[in-house]
Amino acid sequence: MKPLLLLAFISCSCGKYANFTLPPPDSAGPRGPFHWEASPEPVLSRGDWDSGDVLNPSVVRFGDEYRNYYSGYDGKAWNTGLATSSDGIHWTKRGKILGPDAGNGSALVFGGEVLYWYQTGSPVQIALEGKIVLKTGPRGSWDETGVADPYVIERNGELYLFYLGMDRARRQRLGVARSHDGVVWEKLISNPIMELGGSAAFDEMGLGEPAVWSSGGLYRMLYTGRARGEKRRIGLAKSPDGVQWSREPLVIEGTQAWDREVVCDPTIELLPDGVRVWFGGGDVPRPDQGLHGQIGVGMLR
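Not measured: the values here are computed from a predicted model.

A. Up close: the overall build of the protein chain. Of regular secondary structure, the protein chain possesses 1 helix and 22 strands. The C-alpha atoms of the protein chain give 18 Å as radius of gyration, which agrees with the globular expectation for 301 residues (19 Å, within 12%). Dimensions of the protein chain along its principal axes, counting C-alpha atoms only, are 60 × 45 × 45 Å. For the protein chain, long-range pairs separated by at least 24 residues make up 48% of all intrachain contacts whose partners lie at least 6 apart in sequence.

So this is what it looks like as structure tokens:
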């Protein structure tokens, strides 16, 4: 009985936990296997207030325009900036909209407006409109020391937030939470949903920045994998229910001078002929800032 008593204590003491899966995935849409095609040049580069790095795009279609809520580093702190576009390729920066210490976020059109969840604080946690809505886990848990990199999708009126969790050993893995309103969340009690890769794998040192969609009878996830030396690439995983995940062979890495060391931060748009992906790239393998980060675009077909 001791494990059950411990489980009950955790559920009552540090936020809500539940067993759940996502609704059945859509049968229509791209099915894979996928191959990757990327535009050679970045589509959003460093500027004035964001002269250090431009990374972590989160792109949504709202009305007749695309909105890109991205993270910019100004030399002292990360902030969230906004750029807009008519086609998702040619962007106009609209300035800094959140900060300092607000970025790595996820935008979603929900209830006729754009909601934006982002990471902030120390320990890092996830906020919406200035309020922490997803906190770190209890002592000894897989996400005890940080929750970050939110990616929110809507399925049948429910919201599901995929995120990075970090434990006291600084292992970074992926989990999921569920909400009716985007404010009150319950974490999957069996988190994490994806573990570190094996020895010498591209994701052996950490997982982060998930981007999830449903098509072709499966859920699929792009995520950033960290290797030794901080080189980063994007992996692909699949799931029948949004909870049980397995890796696919595709690994996306940079082929141009500007993204040769880091490819990360995917966000997606599901299209009839494939999946459009905006991503961050850099030519310096660092874990935080100073990557010379810029944002590119590609397609999974």
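After that view, the rundown keeps rolling.
B. Main features of the packing of aromatic side chains. Per the stated rule, a full pass over the model turns up 13 aromatic pairs. Summarising the aromatic geometry, the rings of Trp36 and Phe279 are spaced 5.8 Å apart at their centres and angled 70° between planes, so their arrangement reads as edge-to-face. Taken as a pair, Trp36 in strand β2 (residues 36-38) and Phe279 in strand β21 (residues 274-282) lie far apart in primary sequence, 243 residues in all. With relative accessibility at 22%, the residue Trp36 sits in the partly exposed group. The exposure class of Phe279 is buried, given its relative accessible area of 2%. Taking the centre distance of 6.1 Å and the plane angle of 55° together, the rings of Tyr66 and Trp278 count as tilted.

C. Focus on the pairing of strand β22 (residues 294-300). Most of β22 sits out of view: 7 of its 7 residues are buried. Residues Gln294, Gly296, Gly298 and Leu300 line one face of β22 and the alternating positions Ile295, Val297 and Met299 line the opposite face, and both faces are buried. Taken together, the 3 bridges between β2 and β22 define a ladder with antiparallel strand orientation. Across the sheet, the residue bridging to Glu37 is Met299, located in β22. The sheet contact formed by β21 and β22 spans 7 bridges and is antiparallel. Opposite Gly280, over in β22, you have Ile295 as the bridge partner.

D. Here's a closer look at the sheet that holds strand β15 (residues 185-188). One open sheet accounts for 5 strands, arranged β1-β15-β14-β13-β12; its pairing is mixed. Edge positions in the sheet fall to β1 (16-18) and β12 (146-155), since each of these pairs with one other strand and no more. The mean inter-strand angle of the sheet, taken between neighbouring strand axes irrespective of direction, is 35°. Bridge analysis of strand β13 (residues 158-166) against strand β14 (residues 172-179) gives 8 bridges, and the strand direction is antiparallel. The residue bridging Leu161 from the neighbouring strand is Ala177, located in β14.

E. Quick look at the layout of surface pockets. The volume enclosed by the largest pocket comes to roughly 810 Å³. Lining the largest pocket are 30 residues, with Asn104, Gln119, Asp149, Pro287 and Asp288 positioned closest to its centre. Elements with a contribution of two residues or more to the lining of the largest pocket: β8 (103-110), β12, β13, β16 (206-215), β17 (218-226) and β20 (262-271). Looking at the lining of the largest pocket element by element, the count peaks at 4 residues for β16.

Thresholds, definitions, all that
Residues numbered from 1 in each chain as written. Predicted model: local features only at pLDDT ≥ 70, side-chain atom pairs only at ≥ 80, totals over all residues. Heavy atoms only, no water. Helix = DSSP H or I, 4+ residues; strand = E, 2+ residues; numbered from the N terminus. Rg over C-alpha atoms; globule rule 2.2 N^0.38 Å. Contact = heavy atoms within 4.5 Å. Phe/Tyr/Trp six-rings, centres within 6.5 Å; stacked < 30°, edge-to-face > 60°. Buried < 20%, exposed > 50% of the residue type's maximum accessible area, 1.4 Å probe, protein only. Pairing = 2+ DSSP bridges. Axes fitted to C-alpha atoms, helices over the stretch in contact; angles between N-to-C directions. 1 Å grid on protein atoms, 1.4 Å probe; cavity = no way out; pocket = protein on both sides within 12 Å on 5 of 7 lines; lining within 4 Å. Points joined across faces, edges and corners; volume = space filled by probe spheres on them.

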